[in-house]
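Residue strings, one per chain:
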Amino acid sequence: MFKAIRFLIGLVVVLVLAGTAQAQGPVGPLHSDIAWQAAYWNNMTLSGPPVLQRSETNLDHDWGTGSPDPSVNPDGFSARWTRYLDISGVYRFTATSDDGIRVWVDSDLIINEWYDHPAKTVSADKNLSSGHHLVVVEFYENTGGAIARVSWAPAPVPIYNWRGEYFNNMTLSGPPVLVRDDVQINFDWGAGSPAPGLIGTDGFSIRWTRSLNLPAGPYRFAMTVDDGGRLWVNEHLLIDVWRDQAPHTYTGDIYVPGGGVAIRMEYYENTGGAVARLTWSPLVTPAPTPTPPPPPGVVIVDDTDPGFVKGGSPTGWHTAPEGYGGHLTWTRNNDRTRPNYNWARWYPDLIPGRYEVFVFIPERYTTTARARYWISHAGGYTLRVVNQSTNGNRWVSLGTYWFYGTRDDYVSLADVTYEPRLSRLIAFDAVKWEPRGQTACAAPPIPVPPGASREAEGCLRLHLDASSIWERDGFDLAAAVGYNQQPPCAAFALALSWKVTQGDGTGILWTVVRQGVEEKVGEGSQGMIRRGCGFYRLRNQGAGPVDLDVRVAVDILQ
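Draft legend 1. Summary view of the overall build of the protein chain. Scanning the protein chain from N- to C-terminus turns up 2 helices and 40 strands. Its C-alpha atoms give the protein chain a radius of gyration of 34 Å, clearly above 24 Å, the size a compact globule of 558 residues would have. Projecting the C-alpha coordinates of the protein chain onto the three principal axes gives extents of approximately 120 × 70 × 35 Å. For the protein chain, the residues scored as buried account for 47% of the 558 residues in total. Nonlocal contacts in the protein chain, meaning residues at least 24 apart in sequence, comprise 73% of its contacts between residues at least 6 apart. Total accessible area computed for the protein chain in this model is approximately 26,400 Å², and 53% of it derives from carbon and sulfur atoms.

Quick look at the structure:
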């Protein structure tokens, strides 16, 4: 009798607990799980109790127009997967979905593509400490195909400076346990580790490699090590002190032919303190670059001229007695646009016309590969990225453009290179504008209207990316071809013609804004308009970029 009562009580408890678990929703993952805990709903909002729960080894599904399970609808369903990962370091999580997906790692939403879309793949990097990390993936399918995939792997390490390969032995044997980008070789770890948790405090070794851009000449390399080290310069073993020792500095002199110089330093630590440093310097100071007078018509703005203007942090600017004219200005780089970043502009005094623009890159203080020069010209703004580190002691062309002959003509450069912060040097030296004769304009000729006189005419060469807009006031267009007056609008017979020289011109659309009203005045790959005063707006509504010649004619009615 009592056994039967105890059995019934136990059965009631089990049923109550089971009902409670169902009401609480999906089963959560355990730290020891090696699979995903998956739950599916027959709605797109993960609402209410799930219709299916199961363990899944991989989150790699392409159901097409089908269903995850007979109990789940083929459309209008949602799912959630949870599990713990025991990983550390910087990991890249990649999600592919059709339709919406979002991914959390340790409660941080790192991927959020929660909207209807065809199959697409997105990635996000996450720096993970040692231990278990909870990963939650949510997905919904509206209609059509259904795909849900999530994977992860160590994120690739971008190397901008020294490639440091770290080994947990003293012989650089086997694969490195850590590869990282070291800004410089200047370490004093004492009795500690270069990377706690990965590298031991003793009995490790490191190999650093990179290519330096150095002007030709003799150099002195200085290496400080505790314990052993050796240094190769252009595959020449310059310093070899591969032995246990207290901190000591060794030097070696070598002539390098200039350009890329391959550097390799190897180091090991046995016991006790650990020190590794490397520096280098030229044995002679480069002579200032001779400064011949510019040819007639050429305009040069140096960093000592009134047309050179700079701003930002005063303590971040430095000068050196070399470069064009025996003087240059330099600063260190920023990895992004930060408050009070350093910038400079070169303003020329030009006659309106067509010029090729050059920048002078000095031998030294030029280690950046991403100097971002902006050219302001009659056609708008153009970005040119120059590798200063490979162009020492030469003029580098930024292209040929039309210029107004006003204060709107300039070249600008900032310290923002998007390379690791303060790891590069950027030189601000001279900028040159060389006149270039007007080449044949592909745009149709523009007739002079009866009773008018042709005051100016010129050609602008424009480049428009897909879905972009170029716009100018009518008087600015006249100034771009050499007419700098502003007559009454009744006499100002400005006309434009155009022809697309590259790309699909079917998406070209011209409008003119006058007195707050925008009027469509032309479209297609070729045409002509005459509207005089107004604000001219050119749109590329096509799917790809286009190049076009725009002829500008200034006629004044008598």
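There's plenty left to go through after this.
Draft legend 2. Examining the sheet that holds strand 17 (residues 236–241) more closely. One open sheet accounts for 6 strands, arranged 12-11-14-19-16-17; its pairing is antiparallel. The two strands at the open ends of the sheet, each matched to only one other strand, are strand 12 (178–182) and strand 17. Each strand of the sheet is rotated relative to its neighbour by a mean of 15°, with strand direction disregarded. Pairing geometry for strand 14 (residues 204–214) and strand 19 (residues 259–269), over 11 bridges, is antiparallel. Bridge pairing in strand 19 links Ser-205 to Tyr-268.

Draft legend 3. Spatial organisation of the pattern of salt bridges. Tallied over the entire structure, the rule returns 32 salt bridges. Where Arg-514 meets Glu-519, a salt bridge forms, and the shortest distance between an N and an O atom there is 3.7 Å. One salt bridge in this structure joins Arg-531 and Glu-519, with 3.7 Å as the shortest N-O distance. Within this pair, whereas Arg-531 is found in the loop between strand 38 (526–530) and strand 39 (535–540), its partner Glu-519 is found in strand 37 (residues 517–523), the two being separated by 12 residues in sequence. One connected set of salt bridges, linked through shared partners, spans Arg-163, Glu-165, Arg-207, Arg-230, Glu-235, Arg-264 and Glu-266.

Draft legend 4. Seen up close, the layout of surface pockets. As a volume, the largest pocket reaches approximately 1,100 Å³. Surrounding the largest pocket, 36 residues form its lining, Arg-210, Leu-212, Trp-280, Thr-367 and Leu-425 being those nearest its centre. Where the lining of the largest pocket is concerned, the elements lending two or more residues are strand 14, strand 20 (274–282) and strand 24 (328–332). The element contributing the most residues to the lining of the largest pocket is strand 20, with 6 residues. Looking at the lining of the largest pocket residue by residue, the classes come out as 17 nonpolar, 13 polar and 6 charged. Taken as a whole, the second largest pocket encloses approximately 550 Å³ of empty space. Lining the second largest pocket we find 24 residues, and of these His-377, Gly-379, Thr-382, Leu-462 and His-463 sit closest to its centre. For the lining of the second largest pocket, the secondary-structure elements that each account for two or more residues are strand 28 (380–386), strand 29 (394–403), strand 33 (452–464) and strand 34 (469–473). Partitioned by chemical class, the residues of the lining of the second largest pocket number 10 nonpolar, 7 polar and 7 charged.

Draft legend 5. Summary view of the nonpolar core. In this structure, Leu-460, Trp-510, Leu-548, Val-550 and Val-554 are the most contacted members of the largest nonpolar core, which totals 38 residues. For this core, the secondary structure elements donating two or more residues are strand 33, helix 2 (474–480), strand 35 (492–502), strand 36 (508–514), strand 39 and strand 40 (546–557). Considering each element in turn, this core owes the most residues, 6 residues, to strand 40. Here Trp-510 is in contact with Trp-470, Leu-496, Trp-498, Glu-519, Lys-520, Val-521, Gly-522, Ile-529, Tyr-536, Arg-537, Leu-538 and Val-550, once residues within four sequence places are set aside. Grouped together as the second largest cluster of nonpolar side chains are 32 residues, Leu-178, Ile-185, Ile-206 and Ala-274 included.

Draft legend 6. How the structure looks around the sheet that holds strand 10 (residues 146–154). Pairing is antiparallel in the open sheet, where 4 strands are placed in the order 3-10-5-8. Pairing within the sheet leaves two strands with one partner each, and these edge strands are strand 3 (60–64) and strand 8 (120–128). Across this sheet, the average inter-strand angle for adjacent strands is 15°, counted without regard to direction. Pairing of strand 3 with strand 10 involves 4 bridges; the strand directions are antiparallel. Bridge pairing in strand 10 links Asp-62 to Ile-147.

Draft legend 7. Structural detail: the environment of Gly-164. Within the element layout of this structure, Gly-164 appears in strand 11 (residues 162–167). C-alpha of Gly-164 to C-alpha of Ile-206: the two residues are 42 residues apart in sequence and 6.7 Å apart in space. With sequence-adjacent residues up to four places away left out, Gly-164 is seen in contact with Leu-178, Val-179, Arg-180, Asp-182, Arg-207 and Trp-208.

Draft legend 8. Broad picture of the state of the cysteines. What the rule picks out here adds up to 2 disulfides. Through a disulfide, Cys-441 is tied to Cys-459; the S-S separation comes to 2.2 Å. Across the S-S bond of Cys-441 and Cys-459 the torsion is about 65°, and the bridge reads as right-handed. Taken together, the positions of Cys-441 in the loop between strand 32 (431–435) and strand 33 and Cys-459 in strand 33 put the pair 18 residues apart, joining distant regions of the chain. The residues Cys-441 and Cys-459 share a single accessibility class, namely buried. With its bonded cysteines labelled in order along the sequence, the protein chain shows the pairing 1-2, 3-4.

Draft legend 9. Broad picture of the packing of aromatic side chains. What the rule picks out here adds up to 32 aromatic pairs. Ring centres of Phe-77 and Phe-139 lie 6.1 Å apart, and the angle between their planes is 55°; on these two criteria the pair is classed as tilted. Here Phe-139 lies in strand 9 (residues 132–141) and Phe-77 lies in strand 4 (residues 77–86), a separation of 62 residues in the sequence. Comparing Phe-77 with Phe-139 shows no difference in burial state: the two are buried. Ring centres of Tyr-347 and Tyr-410 lie 5.4 Å apart, and the angle between their planes is 55°; on these two criteria the pair is classed as tilted. Of this pair, Tyr-347 sits in the loop between strand 25 (343–346) and strand 26 (353–361) while Tyr-410 sits in strand 30 (residues 410–414), and the two are 63 residues apart along the sequence. Clustering of aromatic rings is evident, with ring pairs tying together Tyr-166, Phe-187, Trp-189, Phe-204, Trp-208 and Tyr-267. A cation sits over an aromatic face here: Arg-210 above Trp-162, 5.3 Å from the ring centre.

Draft legend 10. The arrangement of the confidence of the model for the protein chain in detail. Considering every residue of the protein chain, the mean pLDDT works out to 88; 93% of them sit at 70 or more. Across residues 1–24, where pLDDT falls below 50, the model places 3 contacts with residues more than four positions away in sequence or in other chains.

Draft legend 11. Broad picture of unusual backbone geometry. The step from Asp-98 to Asp-99 runs through a cis peptide bond, and the omega angle for that step is 20°. Mapped onto the elements, Asp-99 comes out in the loop between strand 5 (89–98) and strand 6 (100–105). Of note, the amide linkage connecting Asp-226 to Asp-227 takes the cis form, showing an omega dihedral of 20°. Following the sequence through the fold, Asp-227 ends up in the loop between strand 15 (217–226) and strand 16 (228–233). A positive phi is found at Ser-107, a non-glycine position, where the angle reads about 75°.

Calculation criteria
- Residues numbered from 1 in each chain as written.
- Predicted model: local features only at pLDDT ≥ 70, side-chain atom pairs only at ≥ 80, totals over all residues.
- Heavy atoms only, no water.
- Helix = DSSP H or I, 4+ residues; strand = E, 2+ residues; numbered from the N terminus.
- Rg over C-alpha atoms; globule rule 2.2 N^0.38 Å.
- Buried < 20%, exposed > 50% of the residue type's maximum accessible area, 1.4 Å probe, protein only.
- Contact = heavy atoms within 4.5 Å.
- Areas by Shrake-Rupley, 256 points an atom, 1.4 Å probe, with all protein chains shown as cover.
- Pairing = 2+ DSSP bridges.
- Axes fitted to C-alpha atoms, helices over the stretch in contact; angles between N-to-C directions.
- Salt bridge = Lys/Arg side-chain N within 4 Å of Asp/Glu carboxyl O.
- 1 Å grid on protein atoms, 1.4 Å probe; cavity = no way out; pocket = protein on both sides within 12 Å on 5 of 7 lines; lining within 4 Å.
- Points joined across faces, edges and corners; volume = space filled by probe spheres on them.
- Nonpolar A, V, L, I, M, F, W, Y, C, P; charged D, E, K, R; others polar.
- Core = buried A, V, L, I, M, F, W, Y, C linked by side-chain atoms within 4.5 Å.
- Disulfide = S-S within 2.5 Å.
- Phe/Tyr/Trp six-rings, centres within 6.5 Å; stacked < 30°, edge-to-face > 60°.
- Lys NZ or Arg CZ within 6 Å of the ring centre and 35° of its normal.
- pLDDT = per-residue confidence, 0-100.

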